[in-house]
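Tertiary structure, described
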Amino acid sequence: MDYTQAREFIEETGKYGIVCGLDSIKSLMARLGNVQERLCIIHVAGTNGKGSVCAMLSNILLAAGYRTGVYTSPAVFEPEEIMKVNGRAVTQEEFAALAGRVQAACRDMQKEGLPHPTAFEVETAIAFCFFWQEACEYVVLETGLGGEQDATNLITHPVCSVFASISKDHMAFLGNTLQEIAAAKAGILKPGCPCVSAAQKPEVLEVLKQAAAQKQSAFYTADPASLRRFSYDGRQSFFEADWYPAAPAPGGEQAGVRQEAIAGTLGLVGACQRQNLACVLETVRLLRGRGVLISREAVLEGLAHVRLPGRMERIAGAPDFYIDGAHNEGAAYCLRETIMHCLAGRRIVYIIGVFADKEYEKALQALLPYAAQVFTVTPRHPRALDGRILAQKVQHMQAMAAYMPDVGKAAAAAQAAAGTDGVVLAFGSFSYLKELKAAVQGRVF
């Protein structure tokens, strides 16, 4: 199988849609040697911030000298970016070879009358095989849209489980209330496996704590107050945080251990990164207590060099041009805080493209008060909301809006409307950011 055939296989598999449950992925991985059971995995779930948490953790482990794999979704710019080892994405040749193995296993399943795995299950299987083939010492594994019924959850003994911020999204699959969504996410907990949670709403935290107690799992909550200082500009963040020179005893606290401070920079920006960073540092503390050798220097190096495409990413200047994947209410409130903190006083022009099945109206309510003008687009995706309808919604909310049928023209119009001292901010869905970035960087600013 060559790369073109591998991509055709993945695309064809997309017709099987989204199927929650573990039966199919378990059958698939059994035919591939259950290599996931031989990997040391840090499992990360949540609604917003999973990608940032995974990027920070994997970068820190890499800086500590460990051969580290990371699996995240969705792909923003290139399909292969979802699976990396030591910062290197799987090559097209590697992907094609692994896809061939997985396709053969899928065909065996069909011959036995079993359903064909979904595209996410196929890509997850490829990732597990890639990490095993590359002899990864640690793998940072992001769930898909869920938790308990997510394909990544077939793993049985992760090193630890981590919860980024949990809010409302994917309600058709996870439930209509925060408690139901939290319970679905809590399904990644394993008996006796310790877990760390970012700061959560009280009702979410209660669900997570109860689930951890039922699994007899040590539960740690990251306290944003452990960050003594946190600020950011349009390029990076600056922090000072609690640091313990000695790792805690396994499963224990650091009683009697002298507390110090650690100060550095983070290569990600935005209000949401404060609680993401607190969650990562608490996870590092847990890992160090379980024998993972992570020094102060590794933490500082890993955080300073972390990058994540499509998360408050500055892609051009004059005007400053940012792209962000904020697509639900929780992410919108974080983006609003970022705007208030580092873009206040500047003329801000939005480009917005959304999916019809998202609660985009709540995101608009949070963010439109800060827009001088809005341009809407239609992402190239079956679930996309027509940009003309979105423009009408924006106008009904008393904001200036114009529909642009072409993403490149939207970028040019937004740049002109912002002026050289202004800001263009594109958000709403990851699905159109690749096209937009290409259009922007192909222009002379």
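In this report, we go over the structure that sits alongside the text.

About the thresholds
- Residues numbered from 1 in each chain as written.
- Predicted model: local features only at pLDDT ≥ 70, side-chain atom pairs only at ≥ 80, totals over all residues.
- Heavy atoms only, no water.
- Helix = DSSP H or I, 4+ residues; strand = E, 2+ residues; numbered from the N terminus.
- Rg over C-alpha atoms; globule rule 2.2 N^0.38 Å.
- Buried < 20%, exposed > 50% of the residue type's maximum accessible area, 1.4 Å probe, protein only.
- Contact = heavy atoms within 4.5 Å.
- Areas by Shrake-Rupley, 256 points an atom, 1.4 Å probe, with all protein chains shown as cover.
- Core = buried A, V, L, I, M, F, W, Y, C linked by side-chain atoms within 4.5 Å.
- Pairing = 2+ DSSP bridges.
- Axes fitted to C-alpha atoms, helices over the stretch in contact; angles between N-to-C directions.
- Arc of directions from axis to C-beta.
- Parallel < 35°, antiparallel > 145°, perpendicular 65-115°, else oblique.
- Left-handed = near helix turned anticlockwise from the far one by under 90°.
- Expected span 1.5 Å × (residues − 1).
- 1 Å grid on protein atoms, 1.4 Å probe; cavity = no way out; pocket = protein on both sides within 12 Å on 5 of 7 lines; lining within 4 Å.
- Points joined across faces, edges and corners; volume = space filled by probe spheres on them.
- Salt bridge = Lys/Arg side-chain N within 4 Å of Asp/Glu carboxyl O.

What follows covers the overall build of the protein chain. Assigned secondary structure in the protein chain consists of 15 helices and 17 strands. Computed over the C-alpha atoms, the radius of gyration of the protein chain is 22 Å, within 12% of the 22 Å expected from 2.2 N^0.38 for a compact globule of 445 residues. Oriented by its inertia axes, the alpha-carbon framework of the protein chain measures out at about 60 × 55 × 40 Å. Out of the 445 residues belonging to the protein chain, those deemed buried represent 56%. When contacts within the protein chain are restricted to residue pairs at least 6 apart in sequence, those whose partners lie at least 24 apart make up 76%. As displayed, the protein chain has an accessible area near 18000 Å², and 50% of this comes from carbon and sulfur atoms.

One finds Ile294, Val299, Leu303 and Tyr350 to be the most contacted residues of the largest nonpolar core, which totals 75 residues. Residue contributions to this core peak at eight residues, all from helix α9 (residues 272-289). Dropping the residues within four chain positions of it, Leu303 is found in contact with Met56, Ile60, Phe239, Thr265, Leu266, Gly267, Leu277 and Leu281. Of all hydrophobic cores here, the second largest spans 39 residues; its members include Tyr3, Val35, Ala99 and Cys106.

Pairing is antiparallel in the open sheet, where three strands are placed in the order β9-β10-β11. Looking at strand neighbours, the two that pair on one side only are β9 (227-232) and β11 (260-266), the edges of this open sheet. Across the sheet, the mean angle from the axis of one strand to that of its neighbour is 15 degrees, orientation sign disregarded. The sheet contact formed by β9 and strand β10 (residues 237-243) spans five bridges and is antiparallel. Bridge pairing in β10 places Arg229 opposite Glu240. Across the sheet, α9 lies against β9, β10 and β11, angled at about 135 degrees from β9, the strand it touches most. Against the sheet, helix α10 (residues 296-304) touches β10 and β11, its axis set at about 25 degrees to β11.

This part takes up helix α7 (residues 178-185). Within the span of α7, buried status applies to Leu178, Ile181, Ala182, Ala184 and Lys185. In an axial view of α7, the angular spread of the buried residues amounts to 160 degrees, which keeps them on one side of the axis.

A few words on the packing of helix α14 (residues 407-418) against helix α15 (residues 433-441). Relative to each other, α14 and α15 sit at 55 degrees, their axes nearing to 9 Å. On the basis of their axis angle, the class for α14 and α15 is oblique. Crossing of α14 against α15: the hand is right-handed. Every residue of α15 that contacts α14 at Val407, Gly408 and Ala411 is listed here: Glu435, Leu436, Ala439 and Val440.

Moving on, we get to helix α4 (residues 92-111). Taking 1.5 Å as the rise per residue, α4 with 20 residues should run 28 Å; its terminal C-alpha atoms sit 28 Å apart, in good agreement. Turning to α4, its buried residues are Glu94, Phe95, Ala96, Leu98, Ala99, Val102, Gln103, Ala105, Cys106 and Met109. Residues of α4 that are buried in the fold lie against α1 (3-13), α2 (23-31), β3 (83-85), β4 (88-89) and α5 (119-133). Following α4 by one or two positions, Gly113 adopts a phi angle in the positive range, close to 85 degrees.

So, about the layout of surface pockets. Which parts of space are left empty comes out when a probe the size of a water molecule is rolled across the atoms. The volume enclosed by the second largest pocket comes to roughly 500 Å³. In terms of lining, the second largest pocket is formed by 25 residues, of which the most central are Ser165, Gln275, Gly330, Tyr333 and Cys334. Every element with two or more residues in the lining of the second largest pocket is listed here: β9, α9 and α11 (329-342). For the lining of the second largest pocket, the element with the highest residue contribution is α11, accounting for six residues.

Right, let's talk about the sheet that holds strand β7 (residues 195-197) for a bit. In a beta sheet, neighbouring strands are held together by backbone hydrogen bonds and run either parallel or antiparallel to one another. A sheet is described by the order of its strands in space; here eight strands give the open sequence β4-β3-β2-β5-β1-β6-β7-β8, paired in mixed fashion. The open sheet has two edge strands, β4 and β8 (219-221), and neither has a second partner. Where strand β2 (residues 68-71) lies against strand β5 (residues 138-142), four bridges are found, and the strand directions are parallel. By the bridge assignment, Thr68 is partnered in β5 with Tyr138. Taken strand by strand, helix α3 (residues 50-63) contacts β1 (41-45), β2, β5 and β6 (160-163), and its axis lies near 175 degrees from that of β5.

What follows covers the pairing of strand β17 (residues 423-427). For β17, the tally of buried residues reaches five of five residues, placing the bulk of the element in the interior. Here β17 shows no split at all, with Val423, Leu425 and Phe427 on one side and Val424 and Ala426 on the other all buried. Here five bridges tie strand β14 (residues 348-352) to β17, and the two strands are oriented parallel to one another. Among the inter-strand pairings, Val349 is bridged to a residue of β17, identified as Val424.

The subject of this paragraph is the pattern of salt bridges. By the definition in use, this model includes 22 salt bridges. With a shortest N-O distance of 2.9 Å, Asp320 and Arg314 are connected by a salt bridge. For Asp320, a relative accessible area of 14% corresponds to the buried category. One connected set of salt bridges, linked through shared partners, spans Arg67, Arg88, Glu94 and Glu134.

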